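Below, each chain spelled out in residue letters.
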Amino acid sequence: MNVSDSERVATLLVADGFEITRNESAADVVLLNTCSVREKAEHKLFTRVGQINKSAADRTEKKPVLGILGCVAQLEGETLFGKSPAIDFVLGTKAVGRVSQAIDNAFAGEKYYTDLGERDEIYDWTVAEAQRNSPYIAFVPIIEGCNKFCTYCIVPFSRGREKSLPASEIVRHLLKLRGEGVKEVHLIGQNVNSYRPKTDDGLEAFRGATQFSRLLRAVAATGIERIKFTTSFPRDFHPDIVEAINEHENLCNWVHLPVQSGSNRILKLMRRGHTIENYLERIDKIKNSPRCISLTTDIIVGFPGETEGDFQATLDLAEYCKFNFAYYFKYSPRPGTPAFEMSDNVSSEEKTERFLRLDKLIRSHQQPVFRNYLNKTVDVLAEKVSEKNPNQISGHTTCQMVVNFEGAADLLGKIIKVKILESKANTLYGKIS
Ligand code: SAM
Ligand code: SF4
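Rules used in this analysis
Residues numbered from 1 in each chain as written. Chains lettered and ligands numbered in written order. Predicted model: local features only at pLDDT ≥ 70, side-chain atom pairs only at ≥ 80, totals over all residues. Heavy atoms only, no water. Near = heavy atom within 4 Å. Polar contact = N/O pair within 3.5 Å; in protein donor to acceptor, adjacent residues only side chain to side chain. Areas by Shrake-Rupley, 256 points an atom, 1.4 Å probe, with all protein chains shown as cover. Helix = DSSP H or I, 4+ residues; strand = E, 2+ residues; numbered from the N terminus. Salt bridge = Lys/Arg side-chain N within 4 Å of Asp/Glu carboxyl O. Buried < 20%, exposed > 50% of the residue type's maximum accessible area, 1.4 Å probe, protein only. Pairing = 2+ DSSP bridges. Axes fitted to C-alpha atoms, helices over the stretch in contact; angles between N-to-C directions. Contact = heavy atoms within 4.5 Å. Nonpolar A, V, L, I, M, F, W, Y, C, P; charged D, E, K, R; others polar. Expected span 1.5 Å × (residues − 1). Arc of directions from axis to C-beta.

Looking now at the site of ligand 1. Inspection of the region around ligand 1 gives 18 residues, with Gln190, Gln260, Arg272, Asp298 and Ser332 positioned closest. At a separation of 2.8 Å, a nitrogen atom of ligand 1 approaches a polar backbone atom of Gln190. The side chain of Gln260 places a nitrogen or oxygen atom 2.7 Å from an oxygen atom of ligand 1. Expressed as a share of its isolated accessible area of 560 Å², the protein-covered part of ligand 1 is 91%. Taken together, the elements giving at least two residues each to the shell around ligand 1 come down to strand E11 (294-301) and strand E12 (325-330).

So, in structure tokens, the structure goes:
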């Protein structure tokens, strides 16, 4: 979501006549888009501000204007100026559409401008010259914000309430992206399957048990080659989502379904709204699909009150699910959330020890997954020349595995058949088949 927000900011700036540079020392304006999900991400902001200040001090010409955007900006507002006087302006998560105005104000000499206000409108994504990290892959937000208030999570505070974009607008956007040569679209949101637009405009023609599964069928009909979606919220994961994937080849065979813990007691304390029993029902539906759907998840270790028994239940769940990939995090207390008030009684050493045990188990499940690919031929979207080897192209499979293969830049943007010969550290290696 943050990558998508940064792309949106760059798109708006270019539309207003600015030029984007990745060379920080040549920039007249430096913008930092921030994340507040874990404390570590927040610390990074101040490290980066320090680095920028240091390199600005070496400049002979005027120092750059420094703007802080996104979640930390939204939560901390003007207090950021007290923590670092070098910051010129602060724009909250919904105010990023007014970035040009904030820059103009700073150029005009206004110091410490703050905008934490609401959106003016839903931004028009279909503008010319969209600034995407990849010409072949586009992120399309379908729902913003979150209403779930899991007890550990800051997102509902930093991003506000859920707001679904109209389906007709999403479909129009995908058709335009297809015309521009985009091969892969990621429908994104904190919980995409909680998608509930105010009207069915754009969905009338499509069958589906929920508005999200109708949207999936509607976007599949646009004919974009690949459609991926993330993140899915377990409580709202209707089996019809799997049916839609089974029906449409261009709905990719990948589901990211964050479980967070294997213990019902901890899930209740987290206020997740699902139990392990109903999570496993969803997993069985996914695993029984003929599409061979890749399953990934998020897990938090060391939530307040997590006992060795609770953690063992998480290991048991991981053993059963055999995730293709997982993001796991040590619990990070976030001021303002209900869990922040709970006694964080799992020591830092215990969190580290549990984290490492989970890491070992999940890696052991990944090895057979990687081995299973050997000598098989997969479709890979050629996305970029590999950073490590200029003779190799890097891309993803439909189920989000990274694949590198020998090839030249003229393959970029094409879907290539690659025979897998080797696997190393989360990457598959192969040759054009
Ligand atoms: N909406 C998605 C869901 O509910 O599954 C997740 C979005 S959240 C921004 C991404 C992940 O960050 C979560 O799945 C969770 O594992 C992790 N996370 C959120 N708050 C955290 C915290 N306080 N400490 C550690 N990890 C956290
Ligand atoms: Fe955070 Fe829970 Fe919302 Fe996901 S569903 S963003 S974890 S509050």
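Our next topic: the pattern of salt bridges. Within this structure, the stated rule accounts for 33 salt bridges. The shortest N-O distance in the salt bridge between Glu162 and Lys148 comes to 2.5 Å. A residue pair is termed long-range when its members are at least 10 positions apart, and Glu162 in the loop between helix H6 (155-159) and strand E7 (163-164) and Lys148 in the loop between strand E6 (143-144) and H6 qualify at 14 residues. For the residue pair Glu162 and Lys148, the accessibility class agrees, reading buried in each case. For the salt bridge of Glu184 with Arg226, the shortest nitrogen-to-oxygen distance reads 3.0 Å. Here Arg226 lies in strand E9 (residues 226-230) and Glu184 lies in strand E8 (residues 184-188), a separation of 42 residues in the sequence. Arg226 carries the same exposure label as Glu184, and that label is buried. Salt bridges sharing partners connect three or more residues here, namely Asp5, Arg8, Arg119, Glu144 and Arg159.

In this section: the sheet that holds strand E17 (residues 427-432). In spatial order, the strands read E13-E14-E15-E17-E16; together these five strands close into a barrel with mixed pairing. Taken pair by pair, the neighbouring strands of this sheet meet at an average axis angle of 50°, ignoring direction. Strand direction decides the pairing type here: strand E13 (residues 377-385) and strand E16 (residues 415-424), joined by five bridges, are antiparallel. Opposite Leu381, over in E16, you have Ile415 as the bridge partner. Its contacts with the sheet place helix H13 (residues 348-373) against E13, E16 and E17, and it is angled at close to 0° to E17.

For ligand 2, the full set of nearby residues is Cys146, Lys148, Phe149, Cys150, Tyr152, Cys153, Val155, Pro156, Gln190, Asn191, Phe233 and Arg272. Among the residues forming the shell around ligand 2, the class breakdown is eight nonpolar, two polar and two charged.

Before going further, it helps to examine the sheet that holds E11. As summarised here, the arrangement of the three strands in space is E10-E11-E12, forming an open sheet in which the pairing is parallel. Where the open sheet ends on each side, the last strands, each with one partner, are strand E10 (254-256) and E12. Adjacent strand axes in the sheet meet at a mean angle of 10° when their direction is disregarded. As paired strands, E10 and E11 are joined by three bridges and run parallel to one another. If you follow His256 over to E11, its bridge partner there is Thr296. Running over the sheet, H13 touches E11 and E12 and is turned about 175° from E12.

So, on to helix H2 (residues 39-57). With 19 residues, H2 ought to run about 27 Å at 1.5 Å a step, and its terminal C-alpha atoms sit 28 Å apart, in line with that. Taken residue by residue, H2 has Glu42, Leu45, Val49, Ile52 and Ala56 as its buried positions. Along the long axis of H2, the arc covered by the buried residues comes to 75°, so they all point the same way. The exposed residues of H2 that point more than 90 degrees off its buried face are Lys40, Lys44, Lys54 and Ala57.

This part covers the side chain of Arg119. Along the chain, the position of Arg119 falls in the loop between strand E4 (113-115) and strand E5 (137-141). At 2.7 Å, the side chain of Arg119 and the side chain of Glu144 are in polar contact. Residue contacts for Arg119: discarding those within four places in its chain leaves Arg8, Thr93, Lys94, Arg98 and Glu144.

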